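Okay, here's what each chain looks like letter by letter:
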Amino acid sequence: MPQTADLFADTAPATRPADAADATGFEIGWDHAHYRLTPPPQHLAAAHPVHQGWQAGAAVFGTRTLKPTPYVRKWLQLRLNAWTRGRAFEGTQVTPHFLAQIDVPVCPITRTVLTHASGAGSDASVDRVCNQAGYAAGNLAVMSTRANQAKADLGWHDALTVVRQLEASG
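Every value quoted in this text rests on a predicted model; they were computed, and no experiment measured them.

Conventions we followed
Residues numbered from 1 in each chain as written. Predicted model: local features only at pLDDT ≥ 70, side-chain atom pairs only at ≥ 80, totals over all residues. Heavy atoms only, no water. Helix = DSSP H or I, 4+ residues; strand = E, 2+ residues; numbered from the N terminus. Expected span 1.5 Å × (residues − 1). Buried < 20%, exposed > 50% of the residue type's maximum accessible area, 1.4 Å probe, protein only. Contact = heavy atoms within 4.5 Å. Salt bridge = Lys/Arg side-chain N within 4 Å of Asp/Glu carboxyl O. Phe/Tyr/Trp six-rings, centres within 6.5 Å; stacked < 30°, edge-to-face > 60°. Lys NZ or Arg CZ within 6 Å of the ring centre and 35° of its normal. Axes fitted to C-alpha atoms, helices over the stretch in contact; angles between N-to-C directions. Parallel < 35°, antiparallel > 145°, perpendicular 65-115°, else oblique. Left-handed = near helix turned anticlockwise from the far one by under 90°. Nonpolar A, V, L, I, M, F, W, Y, C, P; charged D, E, K, R; others polar.

Caption draft 1: Main features of helix α3 (residues 49-61). For α3, spanning 13 residues, the distance from its first C-alpha to its last is 18 Å, which sits close to the expected 18 Å at 1.5 Å a residue. What α3 keeps buried is the set Pro 49, Val 50, His 51, Gln 52, Gly 53, Ala 56, Gly 57 and Phe 61. For α3, the secondary structure elements touched by its buried residues are α2 (20-34) and α4 (70-85). The first or second residue beyond α3 is Gly 62, which carries a positive phi of 55°.

Shown next as structure tokens:
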């Protein structure tokens with residue numbers, strides 16, 4: 001992946017990000033373009049940094065893009081979520097390859113087989129273990145969306161207790 005300074009080398013001064021937060025949004029948009037993916041609609045306003053990065057990247061890459069895997073899509077989603085929430089995202093270790101490595105077939109909390117994009121509570125979800133910390137390799141785990149929702153802002157032990165109570169009640 002190019003360095004931030006390289007990303008802006010060919011962009012007009014009017015479209016260059018003004019600060020670090022905007023630069024991060026620009027990079028996220030650039031990476032969406034690199035995989036020929038459109039960012040979510042709420043990030044497509046003309047003055048939005050993600051949109052600006054996406055447009056600049058699309059102009060540079062054209063049709064010479066990379067094929068997005070499910071892990072690339074998740075990586076982009078996590079980065080965008082971290083950025084919109086003002087959370088740190090450790091981009092050196094948290095990569096699509098890392099997300100593939102932590103993927104599991106069964107939820108470690110509910111012990112149910114994980115599904116993908118079914119809209120069910122059994123869908124796989126990448127969650128921060130400690131919600132007060134950022135998106136870093138040692139702070140991410142794959143679990144079901146049901147377990148993730150039950151966890152909310154709870155610690156692991158509290159979340160496990162809630163899930164067991166939910167399972168017992170049917």
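Caption draft 2: Geometry of the pattern of salt bridges. Evaluation of the coordinates by the stated rule reveals one salt bridge. Taking the shortest distance from any N to any O, the salt bridge between Asp 31 and Arg 79 comes out at 2.5 Å. With a gap of 48 residues between them, Asp 31 in helix α2 and Arg 79 in helix α4 connect regions that are remote in the sequence. You'll find Asp 31 and Arg 79 in the same group, each marked buried.

Caption draft 3: Quick peek at the packing of aromatic side chains. Tallied over the full model, the rule gives three aromatic pairs. Ring geometry for Trp 30 against Phe 61: centres 5.2 Å apart, planes inclined by 65°, an arrangement best described as edge-to-face. Here the residue Trp 30 occupies a position in helix α2, and Phe 61 occupies one in helix α3, the gap between them amounting to 31 residues. Connected via pairs of aromatic rings, a cluster forms that spans Phe 26, Trp 30 and Phe 61. Across the ring face of Trp 75, the terminal group of Arg 79 is positioned such that the distance to the ring centre comes to 4.5 Å.

Caption draft 4: Spatial organisation of the packing of α2 against α4. The interhelical angle for the contact between α2 and α4, taken along N-to-C directions, is 160°, at an axis separation of 10 Å. One finds that α2 runs roughly antiparallel with respect to α4. In this structure, α2 meets α4 at a crossing whose hand is left-handed. In this structure, α2 uses Ala 21, Thr 24, Gly 25, Glu 27, Ile 28, Asp 31 and His 32 to contact α4, whose residues at the interface are Trp 75, Leu 76, Arg 79, Leu 80 and Trp 83. Grouping the amino acids of the contact of α2 with α4 by side-chain chemistry returns six nonpolar, three polar and three charged.

Caption draft 5: Structural context of the environment of Gly 119. Among the secondary structure elements, Gly 119 is positioned in the loop between α5 (96-102) and β1 (124-128). When its relative accessible area of 75% is taken as the criterion, Gly 119 is described as exposed. The spacing of Gly 119 and Thr 145 is 26 residues in sequence and 9.2 Å in space, taken between C-alpha atoms.

These values are about where atoms sit, not about what they do.
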